[in-house]
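The chain contents come next:
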Amino acid sequence: MSRIASVDAWEVLDSRGSPTVRVRVETPDGSGTFTVPSGASTGAHEAVERRDGGDRYGGQGVRDAVAAVREELAPVVCDRDATDQRAIDAALVESDGTADLSRCGANAVLGVSGAVAHAASAARDVSIYEHVAGLAADDTRSADPGALPLPMVNVLSGGLHAEGGIEIQDFLVIPAGAGSYSEALETVRGVREAVRRRIVDAGHRPLVADEGGFAPPLAGIDDAFDLLAAGVRDAGHEPSREDVAFAVDVAATHFYDEASGTYALDSVDHRLDAEGMADLVARWTDERPLVSVEDPLAEDDWDAWTTLHDRIGDDVQLLGDDLIVTDADRLDRAIERGAANAVLVKPNQAGTLTRAIDVVRAAQRNGVAPIVSARSGETCDATIADLAVGLDAGQIKIGSLARSERLAKYNRLLAIERGIGRYARPTFGGGR
Ligand code: PGA
Ligand code: ZN
């Protein structure tokens, strides 16, 4: 028992220089701070962050969300037991009163929810990942923390994270053959450096996008895969499912034209319908060591997802981000319809830590692989690293091995690795 004595909040800037919410929660036994991330390629069904509008920061200010924390949410949680995350999150959701948390703002609600977890772990004198493991214990899982997650790491960026680049948002590598988390990082660093060298040798500048991936001029999607494969070989590895595998985040909703029901993929030179997208994905999985495909179809095209899943089977991870938006009901629907076999888990899509924890546990119970994920707008807050270990998620997606808001999380996992040697070895597509 550690009663919350005070809650404070203020506006800080994220990795894109956009305002975001930072919250501090104090108890007599320990205090904690959490900073809310923010997406660019957001799903339509995410919990809604509150922005001020008006002239400050182009309308992106979060003073109203900060005021909601101080004036509305602080009184709700003060005096409550910080270690009872579930009760606190329920009270926060009830106080907001909307399903999408738009009244106070999901950025206000998650700010408090995350800071409470940090304060509670400080009060209990345990690491966040140990605290989270305790919060998430249920009849199928003990309160022991899990393994270090396998990272999927962005190397090439496009879409809304690298305007003017290729439509596909992320080309990532998965160091499947590494024997430990630290070895996985070393492998990826070698690949990323080799890709950087090739970009420079081709006469381009190796400038990085929002998540630290490179966004060089590319002739098309195959060109991106070829560059990735060449980088893997330069680094002394094999592009294969067993050594260094590939993943993509298509983020297809963001080039989907609802009126015509087509995907405007200029880099393949024409508009594709859902079947055309499925053909494209099937070709990639045939020709490339691709083990994970995220959001290859629009966020509400449930039938097309099921059809694609039936077609490519479970050897490949079919990963729902905008499709499921870390929402328990949408996850249920995806399971019922066989629409996906993996779910991206972003706490700010859910709006509370408890909701994110429940989505991970529901996924694990149903053989759906959870991948804990950062947003494109981040700070050096490293909570998701602890979340991945505490929940034994098995995989994590943070962005590239560049930019300190990304490295803060990779480095936090290196610190956790000093205490936990276990390393997750997921089999792709079949859940865990
Ligand atoms: P976002 O991108 O944070 O801009 O939504 C991350 C992702 O799509 O996985
Ligand atoms: Zn995504």
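The structure presented is a predicted model; accordingly, all values stated were derived computationally and were not measured.

Draft legend 1. Looking closely at the environment of valine 93. Mapped onto the secondary structure, valine 93 falls in helix H2 (residues 85-96). By relative accessible area, which is 22% here, valine 93 ends up partly exposed. In the structure, valine 93 is positioned 258 residues away from glycine 351 in sequence and 8.6 Å away in space, judged by C-alpha atoms. The contact partners of valine 93, leaving out residues within four places of it in the chain, are Leu101, Thr352 and Arg355.

Draft legend 2. Structural detail: the site of ligand 1. In the vicinity of ligand 1 there are 14 residues, among which Ala40, His161, Arg375, Ser376 and Lys397 approach most closely. With respect to ligand 1, the side chain of aspartate 321 contributes an N or O atom lying 3.0 Å from an oxygen atom. Within the side chain of lysine 346, one N or O atom sits 3.2 Å away from an oxygen atom of ligand 1. Here ligand 1 loses 99% of its free accessible area of 280 Å² to cover by the protein chains. Because more than half of its atoms lie within 2 Å of the grid, ligand 1 is assigned to the second largest cavity. Looking at the shell around ligand 1, its residues break down into two nonpolar, five polar and seven charged. Residues from two domains meet in the shell around ligand 1; each of domain 1 (6-125) and domain 2 (150-417) gives at least three.

Draft legend 3. Layout of the side chain of threonine 262. The residue threonine 262 is located in strand S8 (residues 262-265) in this model. Given a relative accessible area of 14%, threonine 262 falls into the buried group. Of the polar contacts made by the side chain of threonine 262, one reaches the side chain of arginine 271; its length is 3.1 Å. Excluding residues within four positions of it along the chain, threonine 262 makes contact with Phe255, Tyr256, Asp257, Arg271 and Leu272.

Draft legend 4. Examining the packing of aromatic side chains more closely. What the rule picks out here adds up to five aromatic pairs. The interplanar angle of 5° and the centroid separation of 6.1 Å between the aromatic rings of phenylalanine 225 and phenylalanine 246 together place this pair among those described as stacked. Remark: phenylalanine 246 occurs in strand S6 (residues 245-249) and phenylalanine 225 occurs in helix H6 (residues 221-234); sequence separation between them is 21 residues. Taken as a pair, phenylalanine 225 and phenylalanine 246 share a single burial class, namely buried. When the ring of phenylalanine 225 is compared with that of tryptophan 284, the centres are 5.7 Å apart and the planes differ by 70°; the resulting orientation is edge-to-face. Placement of phenylalanine 225 in helix H6 and of tryptophan 284 in helix H7 (residues 274-287) is noted, with a sequence separation of 59 residues between them. With respect to burial, phenylalanine 225 and tryptophan 284 carry one shared label: buried. Aromatic rings pair up to connect Phe171, Phe225, Phe246 and Trp284 into one cluster.

Draft legend 5. Looking closely at the pairing of strand S10 (residues 290-294). Counting buried residues along S10, five of its five residues qualify, which places the element largely inside the surrounding structure. Across four bridges, S6 lies against S10 in parallel orientation. When the sheet's bridge partners are listed, aspartate 249 is paired in S10 with glutamate 294. Bridging between S10 and strand S11 (residues 317-320) involves three bridges; their strand directions are parallel. From the neighbouring strand, valine 293 faces S11, where its bridge partner is leucine 318. The parallel pair S10 and S11, bridged by helix H8 (residues 302-312), forms a crossover whose chirality is right-handed.

Draft legend 6. Spotlight on the sheet that holds strand S3 (residues 30-35). Pairing is antiparallel in the open sheet, where three strands are placed in the order S1-S2-S3. Of all strands in the sheet, those with a lone pairing partner are strand S1 (6-13) and S3, marking the two edges. Between one strand and the next, the sheet's axes are offset by a mean angle of 20°, whatever the strand orientation. Where strand S2 (residues 19-27) lies against S3, six bridges are found, and the strand directions are antiparallel.

Draft legend 7. Region of interest: the layout of surface pockets. Considering only enclosed or pocket space, the largest pocket measures out at about 300 Å³ in volume. Residue lining of the largest pocket: 16 residues in total, with His45, Ala99, Asp327, Ala328 and Arg355 positioned closest to the centre. The set of elements that each furnish at least two residues to the lining of the largest pocket consists of helix H9 (328-337), helix H10 (347-350) and helix H11 (353-365). Tallied by class, the residues present in the lining of the largest pocket amount to six nonpolar, three polar and seven charged. There are two domains that each give the lining of the largest pocket at least three residues, and those are domain 1 (6-125) and domain 2 (150-417). Its boundaries defined by the atoms lining it, the second largest pocket holds a volume of some 160 Å³. Around the second largest pocket, the lining is made up of 13 residues, and of these Gly159, Leu160, Glu167, His254 and Phe255 lie nearest the centre. Looking at the lining of the second largest pocket residue by residue, the classes come out as five nonpolar, six polar and two charged.

Draft legend 8. Quick peek at unusual backbone geometry. For tyrosine 57, which is not glycine, the phi dihedral falls at a positive 45°. Tracing the chain through its elements places tyrosine 57 in the loop between S3 and helix H1 (63-77). Overall, tyrosine 57 belongs to the partly exposed group, its relative accessible area being 40%. Within the chain, leucine 101 stands out as a residue other than glycine whose phi angle is a positive 60°.

Conventions and cut-offs
- Residues numbered from 1 in each chain as written.
- Chains lettered and ligands numbered in written order.
- Predicted model: local features only at pLDDT ≥ 70, side-chain atom pairs only at ≥ 80, totals over all residues.
- Heavy atoms only, no water.
- Helix = DSSP H or I, 4+ residues; strand = E, 2+ residues; numbered from the N terminus.
- Buried < 20%, exposed > 50% of the residue type's maximum accessible area, 1.4 Å probe, protein only.
- Contact = heavy atoms within 4.5 Å.
- Near = heavy atom within 4 Å.
- Polar contact = N/O pair within 3.5 Å; in protein donor to acceptor, adjacent residues only side chain to side chain.
- Areas by Shrake-Rupley, 256 points an atom, 1.4 Å probe, with all protein chains shown as cover.
- 1 Å grid on protein atoms, 1.4 Å probe; cavity = no way out; pocket = protein on both sides within 12 Å on 5 of 7 lines; lining within 4 Å.
- Sits in = over half its atoms within 2 Å of the grid points.
- Nonpolar A, V, L, I, M, F, W, Y, C, P; charged D, E, K, R; others polar.
- Domains from an automatic or database assignment.
- Phe/Tyr/Trp six-rings, centres within 6.5 Å; stacked < 30°, edge-to-face > 60°.
- Pairing = 2+ DSSP bridges.
- Right-handed = clockwise from strand over helix to strand, strands pointing away.
- Axes fitted to C-alpha atoms, helices over the stretch in contact; angles between N-to-C directions.
- Points joined across faces, edges and corners; volume = space filled by probe spheres on them.

The values are spatial; any link to function lies outside them.
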